[in-house]
Amino acid sequence: MNSGVDIYWFGDRRAAQAVIYVHGFAVNYTSKGMFTDLADHLSDQDLASILFDLSDFDRERNAAFLPLSDQQRRLREVYGTVKAEVDRVSLIAHSLGCGVAATLLPELELDKVLLLAPAGDRHGPRIKDRLFKHHGAWTDEDGLMRFKRKNGTITSFSKRYVDEFDIEFSRVYRDNLSQVKDLKICLAESDELTPAMEKVFAKYDTVCLPGSDHNFTGESRQRLLELAAEFLN
């Protein structure tokens, strides 16, 4: 596979179905082990899993958050590469990745879509304010906003990142989820939904895993693995 994006395959590339994973905000594809656990579990189900990052990382693991348009471009590239090899392509997204994926649903030919703890309405300035408040961020001489993480790495994001994510995800979901012929939404019990989000999700096959946090850690992880396997097969 020739691609400008680093793509990580789990399972047999000759599997009947490929599943693309779209991770959430401020993490990489390995975060909390959720996607790698799912990929390992599904590898026994004649499913190939395709994982990739929506941020850029340097050798020291410092991260640069990419604006929405760049994340869309990256997902399009991964989808196009996978679709050229596999007829049936499905998608699993988590948190903010659900919103990113939803913006492209009208143009992607997907067999099934599983949304995990979808991100709600969060405007760009609120993302910026939250990062500055909780991470002690600063703006450098080039106008990039940066903050230091607990592991010592530096994360940066641009004004374009903030501006492009200044969208109402409830509207994106309302307009685009109907484009998927087979959709399932898995909510985390710890997450609070706005009335607008509840109204949109009520129209679809939606389940909430009891006792689950936003990343489906602990006992809810096994239930998530079983739910994904049942839905995708």
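Refer to the preceding data block for the structure.
Criteria and cut-off values
Residues numbered from 1 in each chain as written. Predicted model: local features only at pLDDT ≥ 70, side-chain atom pairs only at ≥ 80, totals over all residues. Heavy atoms only, no water. Helix = DSSP H or I, 4+ residues; strand = E, 2+ residues; numbered from the N terminus. Rg over C-alpha atoms; globule rule 2.2 N^0.38 Å. Buried < 20%, exposed > 50% of the residue type's maximum accessible area, 1.4 Å probe, protein only. Contact = heavy atoms within 4.5 Å. Areas by Shrake-Rupley, 256 points an atom, 1.4 Å probe, with all protein chains shown as cover. Lys, Arg positive; Asp, Glu negative; His and termini not counted. Charge placed at Lys NZ, Arg CZ, Asp CG, Glu CD. 1 Å grid on protein atoms, 1.4 Å probe; cavity = no way out; pocket = protein on both sides within 12 Å on 5 of 7 lines; lining within 4 Å. Points joined across faces, edges and corners; volume = space filled by probe spheres on them. Nonpolar A, V, L, I, M, F, W, Y, C, P; charged D, E, K, R; others polar. Salt bridge = Lys/Arg side-chain N within 4 Å of Asp/Glu carboxyl O. Core = buried A, V, L, I, M, F, W, Y, C linked by side-chain atoms within 4.5 Å.

Along the backbone of the chain there are eight helices and 12 strands. Over its C-alpha trace the chain gives a radius of gyration of 17 Å, about what one expects of a compact globule, namely 17 Å for 233 residues. Counting the 233 residues in the chain, one finds 51% classified as buried. Sequence-distant contacts, at least 24 apart, represent 68% of the contacts inside the chain between residues at least 6 apart. When the accessible surface of the chain is totalled, it reaches about 11100 Å², and 44% of it is carbon and sulfur. Looking at the chain, you have 30 positive and 37 negative side-chain charges, and the mean spots of the two groups are 3 Å apart.

A separate point is helix α3 (residues 96-104). Counting buried residues along α3, nine of its nine residues qualify, which places the element largely inside the surrounding structure. Inspection of α3 places Leu-96, Gly-97, Cys-98, Gly-99, Val-100, Ala-101, Ala-102, Thr-103 and Leu-104 among the buried residues, and these make up the whole buried set. Its buried side turned inward, α3 meets β2 (17-22), α2 (68-83), β6 (88-94), β7 (113-116), α5 (159-164) and α6 (169-176).

One pass over the full model with this rule turns up two cavities of 30 Å³ or more. Its volume calculated, the largest cavity comes out at about 70 Å³. Residue lining of the largest cavity: 13 residues in total, with Gly-24, Phe-25, Ala-26, Gln-71 and Leu-96 positioned closest to the centre. Across the lining of the largest cavity, the residue classes break down as eight nonpolar, five polar and no charged.

A separate point is the pattern of salt bridges. Scanning the entire structure with this criterion turns up 12 salt bridges. Put simply, Asp-37 and Arg-221 hold a salt bridge, and the shortest N to O gap is 2.7 Å. Note that Asp-37 is positioned in helix α1 (residues 34-42) and Arg-221 in helix α8 (residues 219-232), a separation of 184 residues in sequence. Look at Asp-37 and you get partly exposed, because its relative accessible area is 30%. Salt-bridge contacts for Lys-184 lead to Asp-205; the nearest nitrogen and oxygen are separated by 3.1 Å. In this pair, Lys-184 sits in strand β11 (residues 183-188) while Asp-205 sits in strand β12 (residues 205-209), placing the two residues 21 residues apart along the sequence. Residue Lys-184 is classed as buried on the basis of its relative accessible area, which comes to 14%. What makes Asp-205 partly exposed here is its relative accessible area of 41%. Among the charged side chains, a salt-bridge network with shared partners connects Asp-70, Arg-160 and Glu-164.

What follows covers the layout of surface pockets. Estimates place the volume of the largest pocket at around 690 Å³. Phe-25, His-94, Ser-95, His-214 and Asn-215 are the residues nearest the centre of the largest pocket, which is lined by 28 residues in total. Looking at the lining of the largest pocket, its residues break down into 11 nonpolar, 10 polar and seven charged.

Counting residues in hydrophobic clusters, the biggest one holds 54 residues, and the most contacted among them are Ile-20, Leu-75, Tyr-173 and Leu-177. For this core, the leading source of residues is α3, giving six residues. With residues near it in sequence (within four places) discarded, Leu-75 still touches Ile-20, Val-22, Phe-52, Leu-91, Ala-101, Leu-104 and Leu-108. Among the nonpolar cores identified, the runner-up in size contains 25 residues, and Phe-35, Leu-116, Ala-117 and Phe-216 belong to it.

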